[in-house]
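# A look at the structure
Residues per chain, in single letters:
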Amino acid sequence: MKKLFLALFLIPLNIFAQNIPFQETPAGHIIVKAKIEGKEGNFIFDTGGGINLFFNDFAKGLSQQQTYNFFTAFRATGERIDCPIFYSKEVSFGGKSFKNTVYTTFDMKINGIDGLISLPMLQDTDFIIDYNQKQIVLGEINSTKNAKSFDIQLATQADNATDIFTYVMLNGKYKIKVLLDSGAGSNSFWLSDKLIATLNLNQETLETIEKKSEFNANQITKIYKGTVTSISNDYATLNNPKVHFIEGLIYEGKTSINWLGNKIGISLKKKKIYILD
């Protein structure tokens, strides 16, 4: 994971602007700047992260240093993580100030990265991810002027974590629900290994690899690499995409979001994604 961010370039921060410039790594991860209680950092913008997460070295400078609150989360691979719960007094992001924002911490070091910015603080704030202009724009999306849209479903956990899901079609035939995960980078497609038989694939012909967790070296996940005929929704179709079938995946699927469009708007309060370009 660390290798993905070695080419990171720093971007200037203007906390008074509504537009947030981002740097896109070679693997397609979106890197943004934000200020947490006045402390500036570089963060992965991660719609699949569930909760703001700050690495320990960055969190040392924040006001809350101890907590007895926690919740238990599960990564897509089924790996259990017990998350301490903290609250930041203020997050300055794209000209907006978010107060009393929940976050967790983890002892991880990635060159040039201080953690993840995720969805809970954006429950009432629409945002646009513009891959052409390399920016995130915060502000109301006019649904009457943007007819191309599809529904998303929210998964929340006691107001601590928020993830978004939608339906896609596999091979034009099988409808599955997938987690939409900008933190996965570009063109990342994970499917449950249970779908290997559904798609009439021969597991023995798929390339098999094993991957250690970035959070726990003792957690090893078996992955089967292959292709499917297509992944699609009403506005986007990918033919013959490379996919990973994940043993023990807790979702039917998990995908990146860049394949949906060059400019997409997300409204958690309307439970919609808008295709703007």
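The residue numbers shown here count from 1 along each chain, following its written sequence. In keeping with the predicted nature of the model, local features appear solely for residues at pLDDT of at least 70, side-chain atom pairs appear and are counted solely at 80 or more, and the whole-chain, interface and lining totals rest on all residues. Water and hydrogen atoms were dropped before computing side-chain values, which therefore reflect all heavy atoms in the structure.

## A word on the side chain of Thr162
Heads up, the condition is: Each helix corresponds to a stretch of at least 4 residues labelled H or I by DSSP, and each strand to a stretch of at least 2 residues labelled E; elements are numbered beginning at the N terminus. Between N or O atoms, a polar contact is any pair within 3.5 Å; within protein, one atom must be a potential hydrogen donor and the other a potential acceptor, and residues adjacent in sequence are included only when both atoms are from side chains. Throughout, a residue-residue contact means that at least one pair of heavy atoms, one from each residue, lies within 4.5 Å.
Tracing the backbone shows Thr162 in strand β15 (residues 161–170). For Thr162, the side chain forms a polar contact with the side chain of Gln123, separated by 2.9 Å. Beyond its immediate stretch of four places on either side in the chain, Thr162 contacts Thr47, Gly50, Leu119, Pro120, Gln123, Ala155 and Thr156.

## Topic: the pairing of strand β14 (residues 153–157)
In plain terms, the rule: Two strands are counted as paired when DSSP detects at least two bridges linking them.
Note that β14 and β15 share five bridges and pair antiparallel. By the bridge assignment for β15, Gln153 is matched with Phe165. Remark: three residues form the turn of the hairpin made by β14 and β15, two consecutive strands paired antiparallel; Ala158 in that turn has positive phi of roughly 50°.

## Remarks on the pattern of salt bridges
This is how the line gets drawn: Salt bridge criterion: a side-chain nitrogen from Lys or Arg within 4 Å of a carboxyl oxygen from Asp or Glu.
Considering all chains together, one arrives at 13 salt bridges under this definition. Between Lys109 and Asp107 there is a salt bridge whose closest N-O contact spans 3.9 Å. Measuring nitrogen to oxygen at the nearest pair gives 2.9 Å for the salt bridge that ties Lys270 to Glu140. Here the residue Lys270 occupies a position in the loop between β24 (263–267) and β25 (272–275), and Glu140 occupies one in the loop between β12 (135–138) and β13 (149–151), the gap between them amounting to 130 residues. Members of the salt-bridge network, linked through shared partners, are Asp57, Lys60, Asp107 and Lys109.

## What to know about the packing of aromatic side chains
Our working rule: Put simply, two rings from Phe, Tyr or Trp (the six-membered ring, in Trp's case) pair if the centres are within 6.5 Å, and we call them stacked under 30 degrees between planes, edge-to-face over 60, tilted for the rest. Whether a residue is buried, partly exposed or exposed follows from its accessible area with a 1.4 Å probe, protein chains only, as a fraction of its type maximum: under 20%, in between, or over 50%, in that order. A ring is considered to have a charge above it if a Lys NZ or an Arg CZ atom is located within 6 Å of its centre and within 35 degrees of its normal.
Scanning the model with the defined rule gives 10 aromatic pairs in all. Seen from their ring centres, Phe54 and Tyr103 are 4.9 Å apart, and the 40° between their planes marks the pair as tilted. Taken together, the residues Phe54 in strand β5 (residues 52–55) and Tyr103 in strand β9 (residues 96–106) connect sequence positions 49 residues apart. On the numbers, 5.3 Å between centres and 20° between planes, the contact of Phe86 with Tyr103 is stacked. Taken together, the residues Phe86 in strand β8 (residues 86–93) and Tyr103 in strand β9 connect sequence positions 17 residues apart. For the pair Phe86 and Tyr103, one class covers both residues: buried. Of the aromatic side chains, those joined through ring pairs into one cluster are Phe43, Phe54, Phe58, Phe86 and Tyr103. Lys175 extends its terminal NZ or CZ atom over the ring of Tyr167, reaching a point 4.6 Å from the ring centre.

## Details of the confidence of the model for the protein
The line we're drawing: As a per-residue measure, pLDDT reflects the predictor's confidence and takes values from 0 up to 100.
The predicted model of the protein has a mean per-residue pLDDT of 91, with 94% of residues at 70 or higher. Confidence drops under a pLDDT of 50 for residues 2–17, and excluding neighbours within four residues, the segment shows 41 contacts in the predicted structure.

## Examining the nonpolar core
Definition in use: Grouping buried Ala, Val, Leu, Ile, Met, Phe, Trp, Tyr and Cys residues that are joined through side-chain atoms within 4.5 Å yields what is termed a nonpolar core.
Core analysis: the biggest nonpolar cluster contains 54 residues, and Phe45, Phe93, Ile129, Ile136 and Phe245 have the highest contact counts within it. Examining the composition of this core, we find that four residues originate from one element, strand β3 (residues 30–36), more than from any other.

## Considering the sheet that holds β12
Rule in force here: Fitted lines through C-alpha atoms serve as axes, helices being fitted only where they are in contact, and the angles separating the N-to-C directions of these axes extend from 0 to 180 degrees.
Strand order in the open sheet made by the six strands is β1-β12-β11-β24-β25-β13, with antiparallel pairing throughout. Each having just a single partner strand, β1 (19–21) and β13 make up the two edges of the open sheet. Here the strands of the sheet are splayed against their neighbours by 20° on average, with no regard to which way each runs. Where β1 meets β12, three bridges bridge the pair, whose relative direction is antiparallel. Paired with Ile20 across the strands is Ile136, a residue of β12.

## Some remarks on the pairing of strand β22 (residues 242–246)
Look at any regular strand and the pattern is simple: side chains alternate between the two faces of the sheet. Pairing geometry for strand β17 (residues 189–192) and β22, over three bridges, is parallel. Within β22, the position partnered with Leu191 by the bridge is Phe245.

## Describing the environment of Ile141
By secondary structure assignment, the location of Ile141 is in the loop between β12 and β13. Sequence spacing of Ile141 and Thr125 is 16 residues, and the spatial spacing of their C-alpha atoms is 9.4 Å. For Ile141, the residues in contact, after removing those within four places along its chain, are Asp126, Phe127, Ile128, Asn146, Gly265, Ile266, Lys270 and Tyr274.

## Here we look at the environment of Asp181
Tracing the backbone through its elements, the reader meets Asp181 in the loop between β16 (174–180) and β17. Remark: the alpha-carbon pair of Asp181 and Asp159, spanning 22 residues in sequence, is separated by 19 Å. In contact with Asp181, not counting residues within four places along its chain, are Asp46, Thr47, Gly48, Lys254, Thr255, Ser256 and Ile257. One polar contact links Asp181 to Lys254, side chain to side chain, over a distance of 2.8 Å.

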